[in-house]
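Residue-level listing of the chains:
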Amino acid sequence: MATYVEKGDIYFFYRPKVDTEKVQGLDDVQRLHLVLVPDDEDTARLFVVGKKRMPKIIRGKPQSTTREWMMNDMTGKPKEIGKALAPLEYDTKTRGEQEQGEAIPVGEGRYAIFERHDSTRLAYRLSSPESPGKAQRELGILAEASYIISVRNPDLDVPGFPDASPNYPKRLQDKFAEKRWIDIDDGKLLDYESAQFLLIGAHDALSEEGITLGGKPNLFKTLGLKKRDWPTEALEAGKLAAPQMEPEAHEPAGDRSKGGERGGKAARRTSSAAGVAHALKGTDFPCSKADLIKQAKANHANDDVIELLDELSRRRYETMADVQKAVGEVR
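As the structure is a computational prediction, the values presented were derived from the model and not from experiment. (Residues numbered from 1 in each chain as written. Predicted model: local features only at pLDDT ≥ 70, side-chain atom pairs only at ≥ 80, totals over all residues. Heavy atoms only, no water.)

Draft legend 1. Inspection of the overall build of the chain at higher detail. When its secondary structure is counted, the chain shows ten helices and eleven strands. Sequence separation of at least 24 residues holds for 66% of the intrachain contacts in the chain that already meet a minimum separation of 6. (Helix = DSSP H or I, 4+ residues; strand = E, 2+ residues; numbered from the N terminus. Contact = heavy atoms within 4.5 Å.)

Draft legend 2. Representation of helix α8 (residues 289-298) in the model. Of the positions making up α8, those classed as buried are Lys289, Leu292, Ile293 and Ala296. Looking down the long axis of α8, one finds its buried residues gathered within 95° of arc, a one-sided arrangement. Looking one or two residues beyond α8, the residue adopting positive phi is histidine 300, at roughly 60°. (Buried < 20%, exposed > 50% of the residue type's maximum accessible area, 1.4 Å probe, protein only. Arc of directions from axis to C-beta.)

Draft legend 3. Up close: the packing of aromatic side chains. For the coordinates displayed, the defined rule picks out seven aromatic pairs. Both rings, one in phenylalanine 47 and one in phenylalanine 197, keep their centres 5.8 Å apart while their planes meet at 80°; by these two values the pair is edge-to-face. With phenylalanine 47 in strand β3 (residues 44-49) and phenylalanine 197 in strand β11 (residues 196-203), the pair connects residues that are 150 residues apart, well separated along the chain. The rings of Phe12, Tyr124 and Tyr147 are connected pair by pair, giving a single aromatic cluster. Positioned above the aromatic ring of tyrosine 4, the side-chain terminus of lysine 7 is 4.2 Å from the ring centre. (Phe/Tyr/Trp six-rings, centres within 6.5 Å; stacked < 30°, edge-to-face > 60°. Lys NZ or Arg CZ within 6 Å of the ring centre and 35° of its normal.)

Draft legend 4. Representation of helix α9 (residues 303-310) within the structure. Looking at α9, one finds that the buried residues are Val305, Ile306, Leu308 and Leu309. Here the buried residues of α9 occupy an arc of 160° about the axis, which is enough to place them on one side.

Draft legend 5. Representation of empty space enclosed by the protein within the structure. This structure, assessed with the given rule, holds two cavities of 30 Å³ or more. Volume-wise, the second largest cavity comes out at about 30 Å³. If you go around the second largest cavity, the residues you meet are Arg152, Pro154, Ala164, Pro166, Tyr168, Ser194, Ala195 and Gln196. (1 Å grid on protein atoms, 1.4 Å probe; cavity = no way out; pocket = protein on both sides within 12 Å on 5 of 7 lines; lining within 4 Å. Points joined across faces, edges and corners; volume = space filled by probe spheres on them.)

Draft legend 6. Broad picture of the pairing of strand β2 (residues 29-38). Most of β2 is tucked away: nine of the ten residues are buried. As paired strands, strand β1 (residues 3-16) and β2 are joined by nine bridges and run antiparallel to one another. Across the sheet, the residue bridging to aspartate 9 is valine 37, located in β2. Across five bridges, the pairing between β2 and β3 is antiparallel. Across the sheet, the residue bridging to histidine 33 is valine 48, located in β3. Linking β2 back to β3 in an antiparallel pair, the connection comprises five residues, with aspartate 40 at a positive phi of about 60°. (Pairing = 2+ DSSP bridges.)

Draft legend 7. Broad picture of the pattern of salt bridges. With the rule as written, the count across this model stands at 16 salt bridges. The salt bridge involving arginine 45 is made with glutamate 6; its shortest N-O contact spans 2.8 Å. Of this pair, arginine 45 sits in strand β3 while glutamate 6 sits in strand β1, placing them 39 residues apart in sequence. Here arginine 45 matches glutamate 6 in class, with each residue buried. Ionic pairing is found between lysine 170 and aspartate 174, a salt bridge with its closest N-O pair at 2.7 Å. Overall, aspartate 174 belongs to the partly exposed group, its relative accessible area being 45%. Here the residues in one salt-bridge network are Glu6, Arg45, Lys188 and Asp191, joined through shared partners. (Salt bridge = Lys/Arg side-chain N within 4 Å of Asp/Glu carboxyl O.)

Draft legend 8. Region of the structure containing the packing of α8 against α9. Closest axis-to-axis distance for the α8/α9 pair is 10 Å, and the angle between their directions is 175°. The orientation of α8 relative to α9 falls into the category roughly antiparallel. Across from Lys289, Leu292, Ile293, Ala296 and Lys297 in α8, the residues of α9 making contact are Ile306, Leu309 and Asp310. (Axes fitted to C-alpha atoms, helices over the stretch in contact; angles between N-to-C directions. Parallel < 35°, antiparallel > 145°, perpendicular 65-115°, else oblique.)

Draft legend 9. Quick look at unusual backbone geometry. For the peptide bond that leads from serine 128 to proline 129, omega is 0°, which places it in the cis range. Along the chain, proline 129 falls in the loop between β8 (119-128) and α2 (134-139). That bond from phenylalanine 285 to proline 286 is cis: its omega, -10°, falls within 30 degrees of zero. Along the chain, proline 286 falls in the loop between α7 (273-279) and α8. Residues other than glycine seldom take positive phi values, yet aspartate 40 does so here, at roughly 60°. Residue placement: aspartate 40 occurs in the loop between β2 and β3. Residue class for aspartate 40 comes out exposed when judged on its relative accessible area of 85%.

So, in structure tokens, the structure goes:
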């Protein structure tokens, strides 16, 4: 019998590369996002999946050799996560106006995190699309799947994983002791920005896991998105879709890698990726570290943001994405 840690809704999104007008395959995708919304909680988590696709699962084998990292990019109310998936727009000196299209929904379903065979698993089953198509195949999203999932000890270096580190409270940090990886026995381990996880393919049929999921997901209602505004070809028919929304018509938002603003006044006041992006609004790229600090002060950024920017290396920054990458290296 499985011991459940939590159940909830799971949503998959992909964000196309900057100024992409047509998405034909994985090369046109900037990021794969996974959103977990636990049952009976007014919270949601936005994750970035490494290499832009889910780990491969080998049919007939209980565990594949492919593995991938997943990192928490934001935790907040579901509608704040929805705002973070909207398009954004910014200017650069060398490339002019750049547009980062909205993250496109490519799957919705139910998930469970549970303990089994001395490990924890993340399993899901899609309800949309009814039959995965090219979009899901490109991103490694199966109709149903389970993965062994472990949490990385932020105090220990792991080659190939991001340098960012979560600010776990002592109660959670003590769970790691000297271990590099631990199982998820508490859903709170998933809640902290920059928390990192290892995914290893386990099964492509949930009947082998003996679990039940229940529930009926509603991506657009839960995340506060207007269905008529968002491309739905990938979600409903498995077809790769390109962005169609106008950035200026929506509050800018974006994932950590692209430096967009994220929903919520609290996020804008912090030194999170969202707070940094808001503090640097109006920055004229390319620029120096000193220019970044000057712009942040002009935008009345708080001391935490100024101190964070002061830790960046003294070099030329070409784009907001370049800044966010540097921020991730010092946090």
